[in-house]
Amino acid sequence: MEMRSFDRIVQTCRSYGDKDNTLWQVALTYFAQERDFDCRQHIGQVLTHIDQNDILPPLLVIQLLANSPSATLGLVKDYLLRRVNQGTEEIGKYETTIRECRDEADKMQHRIEELKTRATIFQETKCSVCNNGLELPSVHFLCQHAYHQHCFESYDEIECPLCLRKNRKIIDELRAQQQLLSNSMEMHKQFMSQLKKTSNGFGHIAEYFSKGVFNVSTYNSLHPTLK
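As the structure is a prediction and not an experimental result, all values here were calculated from the model. (Residues numbered from 1 in each chain as written. Predicted model: local features only at pLDDT ≥ 70, side-chain atom pairs only at ≥ 80, totals over all residues. Heavy atoms only, no water.)

### A word on the nonpolar core
Here is step 1: Core analysis: the biggest nonpolar cluster contains 24 residues, and Leu-28, Phe-31, Ile-43, Val-46, Ile-50, Val-61 and Leu-65 have the highest contact counts within it.
Here is step 2: Broken down by secondary-structure element, the contributors of at least two residues to this core are α1 (6–16), α2 (22–33), α3 (40–53), α4 (58–65) and α5 (73–117).
Here is step 3: Sort the elements by how many residues they give to this core and α2 lands first, with six residues.
Here is step 4: Not counting residues within four places of it along the chain, the set of residues in contact with Leu-28 comprises Ile-43, Val-46, Ile-50, Leu-56, Val-61, Leu-64 and Leu-65.
Here is step 5: Counting residues in each nonpolar core, the second largest holds eight residues, with Val-139, Phe-141, Tyr-147 and Cys-163 among its members. (Core = buried A, V, L, I, M, F, W, Y, C linked by side-chain atoms within 4.5 Å. Buried < 20%, exposed > 50% of the residue type's maximum accessible area, 1.4 Å probe, protein only. Helix = DSSP H or I, 4+ residues; strand = E, 2+ residues; numbered from the N terminus. Contact = heavy atoms within 4.5 Å.)

Below is the structure:
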């Protein structure tokens, strides 16, 4: 590195970086701290590899480049936007899960209304646990699962054992995703507002990377600012 053969540094990372990923961090740190030469091209090459192979967390990358004379916001814009876009895709998946959970909840609500207004006929003839023919006393659930009383009591539950895990999972996922979206979207609003006012863009972005704001940022909302 002392000979400032920048192309060879990048080539060395490509040759041996698969065995030791820390080479890419060392290279990025070196290029970021270089003040006598313009290293934007090489920083871009290292950033591309780091991004494609997910070698370093975004917060560390921003911290390494924060005081670099070569690393302008324009240089790292594409990297930041790719990370934001990845977060947007994750949020899309979360929102899909939420919609599915809501659809399931609507179906449940519809089923509840039916149960309130219509008679339910229990037609199960076999125990949902042991699969043997039902005999009295037996326990029937509105989900149409039925159990011998001694089979049901072995679970020490008051809900249908076969539906319990699925129902609780849906409820827990829905609550978790709603809380995540609520908290993160509020952080995103604050981020965009403060980014327009701050004179230290890198420091501001690094702070909000650590808070996870880019988990819910959208590419379209950030794109007009980071031009």
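### Description of the packing of α2 against α4
Here is step 1: Contact geometry of α2 with α4 gives a least axis separation of 9 Å together with a crossing angle of 30 degrees. With respect to each other, α2 and α4 are oriented roughly parallel. Residues Gln-25, Leu-28, Thr-29 and Ala-32 of α2 touch α4, and the partners they reach there are Leu-60, Val-61, Leu-64 and Leu-65.
Here is step 2: Split by residue class, the contact of α2 with α4 holds six nonpolar, two polar and no charged. (Axes fitted to C-alpha atoms, helices over the stretch in contact; angles between N-to-C directions. Parallel < 35°, antiparallel > 145°, perpendicular 65-115°, else oblique. Nonpolar A, V, L, I, M, F, W, Y, C, P; charged D, E, K, R; others polar.)

### Re unusual backbone geometry
Here is step 1: Each neighbour pair has its own omega, and for Leu-136 with Pro-137 the value is 0 degrees, a cis peptide bond.
Here is step 2: Assignment of secondary structure puts Pro-137 in the loop between α5 and β1 (138–140).
Here is step 3: For Asn-131, which is not glycine, the phi torsion reads 65 degrees and is therefore positive.
Here is step 4: Along the chain, Asn-131 turns up in the loop between α5 and β1.

### What about the pattern of salt bridges?
When their charged atoms lie close together, side chains carrying opposite charge are able to pair.
Here is step 1: Within the structure shown, the criterion is met by seven salt bridges.
Here is step 2: For Arg-118, the salt bridge is made with Glu-114, and the minimal N-O distance between the two is 3.9 Å.
Here is step 3: In this structure, Arg-168 engages Glu-159 in a salt bridge whose closest nitrogen and oxygen atoms are separated by 3.7 Å.
Here is step 4: For Arg-168, a relative accessible area of 42% translates into the label partly exposed.
Here is step 5: One continuous salt-bridge network, built from bridges that share partners, spans Asp-51, Asp-54, Arg-82 and Arg-83. (Salt bridge = Lys/Arg side-chain N within 4 Å of Asp/Glu carboxyl O.)

### A closer look at the environment of Asn-132
Here is step 1: Looking at where Asn-132 falls in the secondary structure, it is placed in the loop between α5 and β1.
Here is step 2: When the C-alpha positions of Asn-132 and Tyr-147 are compared, they lie 9.4 Å apart, and in sequence the two are 15 residues distant.
Here is step 3: The contact partners of Asn-132, leaving out residues within four places of it in the chain, are Thr-125, Lys-126, Cys-127 and His-148.

### A word on the packing of aromatic side chains
Here is step 1: Scanning all chains against the criterion turns up seven aromatic pairs.
Here is step 2: Judged by centre distance (5.9 Å) and plane angle (85 degrees), the rings of Phe-141 and Tyr-147 are edge-to-face.
Here is step 3: Ring pairs connect the aromatic residues Phe-6, Tyr-30, Phe-31 and Phe-37, which therefore count as one cluster. (Phe/Tyr/Trp six-rings, centres within 6.5 Å; stacked < 30°, edge-to-face > 60°.)

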